[in-house]
Amino acid sequence: MRLAVIGAGAVGSSVVELAADYGHTVTAYADSQSAAVDPDGIDVEGAFERKQTDGIVGDDDPAAAVEGPYDVLVEATPTTLGDAQPGFGHVEAALTNDRHVVLANKGPVAERYADVRALERDSAGSVLFEATVGGAMPVLSTIDDFDPEHITAVRGVLNGTANFILSRMGAEGLGYEHVLAEAQDLGVAEADPTFDVDGTDAALKGVIVANVLSADDTEYTLEDADVEGIQDIEGSALELAAEDGRTVRLIAEVIEGEVRVGPRLVPEHAPLAPTGTRNIVQLETEHAGRLNISGRGAGGPETASAVLADVGRLPELE
Amino acid sequence: MSDSTDEVRSYTVRLELVDEPGALLNALDPIASNGGNLLSIFHERGNLTPRGHIPVEVDLEATPERFEGIVEALRGAGINVIQAGAERYSEAMTVVLTGHLINTDLSDTVSRIQEATNATVTDLSLSAPEGTEDASSARIRLATEQDAAEGVLDTVREVAGEKDLRVIEPLGPGGDL
Ligand SMILES: NC(=O)c1ccc[n+]([C@@H]2O[C@H](COP(=O)([O-])OP(=O)(O)OC[C@H]3O[C@@H](n4cnc5c(N)ncnc54)[C@H](OP(=O)(O)O)[C@@H]3O)[C@@H](O)[C@H]2O)c1
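Note that the coordinates shown come from a computational prediction; the quantities given were computed from them, not determined experimentally.

(A) Looking closely at the interface of chain A and chain B. Taken residue by residue, the interface counts 26 residues in chain A and 27 residues in chain B. Here chain A packs against chain B, burying approximately 2200 Å² in sum over the two surfaces, 52% of which is carbon and sulfur. In terms of surface lost to chain B, no three residues of chain A exceed Leu240, Leu265 and Arg290 of chain A, which account for 28% of the buried area on that side. Our enumeration of links across chain A and chain B arrives at six salt bridges. A salt bridge links Asp232 of chain A to Arg166 of chain B, with the shortest nitrogen-to-oxygen separation between them at 2.1 Å. Broken down by secondary-structure element, the contributors of at least two residues to the side of chain A that touches chain B are helix H12 (235–243), strand E9 (246–255) and strand E10 (258–267) of chain A. Among the elements that line the side of chain A that touches chain B, the one with the most residues is E10 of chain A, at six residues.

(B) Highlighting the pattern of salt bridges. Inspection of the entire model under this criterion finds 32 salt bridges over all chains. The residue Arg112 of chain B makes a salt bridge to Glu162 of chain B at a minimum N-O spacing of 3.0 Å. In this pair, Arg112 of chain B is assigned in helix H3 (residues 106–116) and Glu162 of chain B in helix H4 (residues 149–162), connecting sequence segments 50 residues apart. What makes Arg112 of chain B partly exposed here is its relative accessible area of 27%. By relative accessible area, which is 52% here, Glu162 of chain B ends up exposed. In the salt-bridge network here, residues are joined through shared partners; they are Glu243, Asp244 and Arg246 of chain A together with Asp59, Asp123, Arg139 and Arg141 of chain B.

(C) Here's a closer look at the side chain of Ser167 of chain A. Residue and element names in this part refer to chain A. Counting through the fold element by element, Ser167 comes out in helix H8 (residues 160–172). Given the relative accessible area of 10%, Ser167 is considered buried. Leave out the neighbours within four places in its chain, and Ser167 touches Arg249, Pro274, Thr275 and Gly276.

(D) Examining the sheet that holds strand E3 (residues 35–37) of chain A more closely. Residue and element names in this part refer to chain A. One open sheet accounts for six strands, arranged E3-E2-E1-E4-E5-E6; its pairing is mixed. Sheet topology places E3 and strand E6 (127–128) at the edges, where each strand pairs with a single neighbour. In the sheet, strand E1 (residues 2–6) pairs with strand E4 (residues 72–75) via four bridges, with the strands oriented parallel. Residue pairing across strands places Ile6 opposite Glu75, the latter belonging to E4.

(E) Broad picture of the environment of Gly206 of chain A. Residues and elements named next belong to chain A. When you line up the elements, Gly206 lands in helix H11 (residues 200–213). Taking the relative accessible area as the measure of exposure, Gly206 reaches 2% and is therefore buried. The sequence separation of Gly206 and Ile251 amounts to 45 residues, and the corresponding C-alpha distance is 9.7 Å.

(F) Geometry of the confidence of the model for chain B. Residues and elements named next belong to chain B. Considering every residue of chain B, the mean pLDDT works out to 81; 85% of them sit at 70 or more. Averaged over each element, pLDDT in chain B is lowest for strand E4 (residues 80–84) (72) and highest for strand E8 (residues 166–170) (94). Scored as a complex, the prediction yields pTM 0.82 and ipTM 0.82.

(G) Inspection of the site of the ligand at higher detail. Residue and element names in this part refer to chain A. If you check the shell around the ligand, you find 22 residues, and the closest are Ser32, Lys51, Thr77, Thr79 and Gly299. In the environment of the ligand, an oxygen atom lies 2.9 Å from a nitrogen or oxygen atom belonging to the backbone of Ala8. Within the backbone of Val11, a nitrogen or oxygen atom sits 2.8 Å from an oxygen atom of the ligand. Computed on the free molecule, the ligand has an accessible area of 900 Å², of which 73% lies beneath the protein chains in the complex. Residues belonging to the shell around the ligand are distributed by class as follows: ten nonpolar, nine polar and three charged.

What counts and how
Residues numbered from 1 in each chain as written. Chains lettered and ligands numbered in written order. Predicted model: local features only at pLDDT ≥ 70, side-chain atom pairs only at ≥ 80, totals over all residues. Heavy atoms only, no water. Contact = heavy atoms within 4.5 Å. Buried area = accessible area lost by both parts, 1.4 Å probe. Salt bridge = Lys/Arg side-chain N within 4 Å of Asp/Glu carboxyl O. Helix = DSSP H or I, 4+ residues; strand = E, 2+ residues; numbered from the N terminus. Buried < 20%, exposed > 50% of the residue type's maximum accessible area, 1.4 Å probe, protein only. Pairing = 2+ DSSP bridges. pLDDT = per-residue confidence, 0-100. Near = heavy atom within 4 Å. Polar contact = N/O pair within 3.5 Å; in protein donor to acceptor, adjacent residues only side chain to side chain. Areas by Shrake-Rupley, 256 points an atom, 1.4 Å probe, with all protein chains shown as cover. Nonpolar A, V, L, I, M, F, W, Y, C, P; charged D, E, K, R; others polar.

Here is the structure:
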């Protein structure tokens, strides 16, 4: 397939780097200021070098990358709330041109799911978004395999930063601020970790799962989720939980049409109490009991591998 | 909740013990030897049953199948089991509260939860590392009637909300996930 990769950050650059390994050709690559476009395949090394030295990927305009030539548009620009722009506009352009879309960006499917599906219905192209929930973990494709109808609940630890903080607080008896600073030093937490610790990131993933599970086509957005973060969790709460063989984890839960994210008590050795940045999703199935999927929920190459797996699932276009 | 029989659940058993040395130990042995995991024991010393026995409340975890075996073994060992599992308290639930617990009258918080529901607080631990003026945490274990956990949680949320306390709720009904 020919790929247009929009976004040149951790995810976009990894997709570009790994695409050839998966048998695909990158024909367009854009960041916020520039683009490299070549119907025969862009010069990948050259684009990486220019991004390093000049902060741009090529001499073209970003709009030229969105306009083609490609079979699949890979959307890896920042996740935004509300109108989900610029990501949504890129999805719209690709589908209107009867091209496929693979999303790493959560915004369009968390905030405007119905709009995305409506565009897809009128297009020869399809939209896949495995990478938006749980990075490298095959969460959405497993739900799809089982058929959403046979899944009664989904629970998971879907934010590595929050999980790292809670598990360090529990293991070392340290306070929230201390562990957050440590996580920032280690590069586990970003300089602005707001969406990770206030539950927004986990909630967006929960909302995406709810949209996928929704049998009656009810559309969910972040506003429909009940969200609590971990910022005011006391070290003493983790201590008391530990005395009782339990711990606290930021859990996203999708059950009976409700999306809920908040710190919850779980048995210390339960599957839903992973340590460090590890993520886990537990599907409650109608006929097959509980199914756990765990793995790396973030990271450039990890997320890119989920993006490229989606590309591999798409049918050839006419 | 899945209905598999190998799923571990929490149970509260009320026993009547004779006031003799070793009676409690004798009572606990059938639990461990039948695959139960003892969580807590609430020994109401000084409080005697009408028959002059000592009531003891035991929280344990076991699969439903093993739990039946435990109750049988207890009865087989001549121990009076007055309430077991589903008969009354069938679910144990743990919540952690954080915030200004002491300034907002912790004992009032607990009694309001008990009064508004049929739940019993079987265990309470408080951690106030910075002293009574600062935020502290309390772990509260509640024995609730079957299927009443959600209603009890609603009450906990309501009381905590009024006092600006944070509730860390268990995952899953009855917190057994
Ligand atoms: N990182 C992960 O582990 C992970 C996992 C799952 C999903 N995601 C999602 O994947 C997306 C990308 O994540 P990331 O970590 O790669 O982000 P990032 O490092 O911040 O990179 C974002 C990229 O988007 C580019 N961009 C911004 N506006 C643009 C526009 N209008 N047109 C074209 N490009 C534009 C930026 O350009 P400049 O370089 O010019 O600033 C930058 O290269 C996000 O939506 C994120 O939520 C990330």
